[in-house]
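Summary of structural features
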Amino acid sequence: MKRAAPYIMLLPVFILVCMLLVSLADSVLQSLGYFPAAGLTSFTFAYYKEVLGSLALRDSLLYSLYLSLVSALLSVALGVALSALLHASARAEALVYRLPIAMPHIVVAFLVIALLSQTGLLARLAYALGLIGEPGAFPLLTQDKAGAGVIAAYVFKQAPYVMSVVVLLMRRVSSTCGEAARVLGASPRKAFFYVTLPLCMPAVSTAFIIVFAYSFGAYELPFLLGATLPRAFPVQAYTEFLSPSLLHRPYAMVYNALMLLFGVIFIALYLVAFKRLMRYNKAVYA
Amino acid sequence: MRRVMLWLCAAAVLLPVALLALYAVCARWPWPAPLPQSLSLRGIQALLNADVRGTLLSSIGYSLGSALLSTLIALPAARAISFYNFAGKRAMRAVLLAPILLPSTAFFIGLQTLFTRLGIINTALGVMLAHIMVILPYPIWTLCDMMQSVGRTMEEQARTLGASPLRAFSAVSMPLLLPACVSVTALGFLISFGQYFLTLMIGGGRVKTFAMLVVPYIQSGDRMLSAAFSFAFILAAGTVYGVMDAVLRKHSGARPPTRGSLV
């Protein structure tokens, strides 16, 4: 009975985990051509070959990697800067990150349209300042190839998240080791860049991985704010999935399996980063 | 420097909300006017429509339900992870990261095919189950942290004084964990309430949530209605969250530290 106790306590979680694993295995099987519902029962790598050789895959993958990399780097930079400036006051930090975290992505998408589109508030401001004469003269910032709108929306959502992850550790580090560096004569800038920030890096890297993984896999923002072509990877995958022919399903599942592969890499990286974070945490507490 | 930064941040967070409010009540806002030319209450009226109110209420219901169930599932799970050794504990940690780190589109497409097979596609049950799967890692992590910091020594004292295991937990540990439970439920509510794509895929348009009313307006470019619905969205989420927060503060002085979420 004693040995069974943790399993009983975890039973609902186990059931949900099994559902998750079954659904993922199903995606992989279908990508390999095993899809009895459509009469496909033989395993083959043919779908992989075809999808991996396609331009649609290459373009969407590169576009998504670009979008997530740029938005993750900007979010982390801004999030760390905000923590550095505001970690001394708990009230200030709450002000910054509560509201954006409560705002769903679709609302943020609308805000980006209202602010950055060619008839948005910024364009009107540019007109009032005499910089442009008509909406078309304002640079295209939403549904654009460079993905400025998508990136802006992600940074708005993610920088406060990064801050919420980093700020707790930073407060502890800067009041101990950072303070020690200051007492020993380091300038505030040196104490931050040579002591506090390096010691916070484990938290920063876990935040980076989470933020990158999220924007790599999410559908809403590139769907509402991204360019029609190239399509972001999730949008391309879902478009393939929506194909009415069941015989097309394995192609969609190749996209899915590739995304899952990325997910597994993200999890492995996170576990490594998290281990380091725990070690640092112990050192900082001690 | 710090003050300037604070003001900038406050502006970056509050201006968008003000813009939403402005757009929600504008009737005509033609290019290039920097402010609306005339105001109207049509957006607000659209919100007061019986169907919309119904969807809002049921949406809050689904999200509160999913969040509460997630916390209830997470509570024993976090205890097992914190205080017991069992085979597969390390694997469990990795799997619990999956809903956060797996690309969500792949995760959702997988769930859609599974739920179709299980016959719970396009049902409220399926939608809530999917939402619980997305929410669950957050309460489990937070409650694990909390349980480890509360520890088990006080509970063991109650046990040596003759309390049953259940009573020792409910009378000693539970009150200490309750604030964290309330705050993760509030977070779970926010996560669930903001889901659009997942609800669309699992609910198939048959299970309507408030998020699904907003997106068509954004897509069609109706800024006044998009803004009115977005504003109501934030207001509803903020009200439910605020009520929980107020309950929390009334019953315990300090707010437990919770991680934020992305979704």
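A brief report on the enclosed structure follows. (Residues numbered from 1 in each chain as written. Chains lettered and ligands numbered in written order. Predicted model: local features only at pLDDT ≥ 70, side-chain atom pairs only at ≥ 80, totals over all residues. Heavy atoms only, no water.)

A look at helix 9 (residues 165-193) of chain B
- Between the first and last C-alpha of helix 9 of chain B there are merely 36 Å, a value that for 29 residues lags more than 12% behind the 42 Å anticipated at 1.5 Å per step.
- A maximum bend of about 55° is found in helix 9 of chain B at methionine 174 of chain B, where proline proline 175 of chain B lies one to four positions downstream. (Helix = DSSP H or I, 4+ residues; strand = E, 2+ residues; numbered from the N terminus. Expected span 1.5 Å × (residues − 1). Bend = angle between axes of the 7 residues up to and from the residue.)

Topic: the packing of aromatic side chains
- Counted by the stated rule, this structure contains 32 aromatic pairs over all chains.
- The structure contains a cluster of three or more aromatic residues connected by ring pairs, namely Phe208, Phe212, Phe216, Phe233, Tyr255, Phe262 and Phe266 of chain A. (Phe/Tyr/Trp six-rings, centres within 6.5 Å; stacked < 30°, edge-to-face > 60°.)

What to know about unusual backbone geometry
- A cis geometry characterises the amide bond from leucine 229 of chain A onward to proline 230 of chain A, with omega recorded as -5°.
- Topologically, proline 230 of chain A is positioned in the loop between helix 10 (220-225) and helix 11 (233-241).
- Along the chain, tryptophan 31 of chain B connects to proline 32 of chain B via a cis peptide bond; the corresponding omega equals -5°.
- The topology assignment puts proline 32 of chain B in the loop between strand 1 (26-28) and strand 2 (38-39).
- At glutamine 143 of chain A, a position not held by glycine, the phi torsion is positive, near 55°.
- If you trace the backbone, glutamine 143 of chain A turns up in the loop between helix 7 (121-128) and helix 8 (148-183).
- Although it is not a glycine, asparagine 122 of chain B sits at a positive phi angle of roughly 60°.
- Structurally, asparagine 122 of chain B is set in the loop between helix 5 (104-118) and helix 6 (124-135).
- In this structure asparagine 122 of chain B comes out as partly exposed when scored by relative accessible area, which is 23%. (Buried < 20%, exposed > 50% of the residue type's maximum accessible area, 1.4 Å probe, protein only.)

Side note on the nonpolar core
- Judged by nonpolar contacts, the single largest core of 172 residues is most densely connected at Val13, Ile106 and Leu225 of chain A together with Leu101, Phe115, Ile140 and Phe210 of chain B.
- A per-element tally of this core places helix 12 (residues 249-285) of chain A first, with 14 residues.
- Core analysis: the next-biggest nonpolar cluster, separate from the first, contains nine residues, Val96, Tyr97 and Val167 of chain A together with Cys9 of chain B among them. (Core = buried A, V, L, I, M, F, W, Y, C linked by side-chain atoms within 4.5 Å.)

Details of the environment of methionine 201 of chain B
- Following the sequence through the fold, methionine 201 of chain B ends up in helix 10 (residues 197-203).
- We classify methionine 201 of chain B as buried; its relative accessible area is 2%.
- Taking the C-alpha atoms as reference points, methionine 201 of chain B and threonine 113 of chain B, 88 residues apart in sequence, are found 9.9 Å from one another.
- Not counting chain neighbours up to four residues away, the residues in contact with methionine 201 of chain B comprise Tyr238 and Phe241 of chain A together with Phe108, Ile109, Gln112 and Ile121 of chain B. (Contact = heavy atoms within 4.5 Å.)

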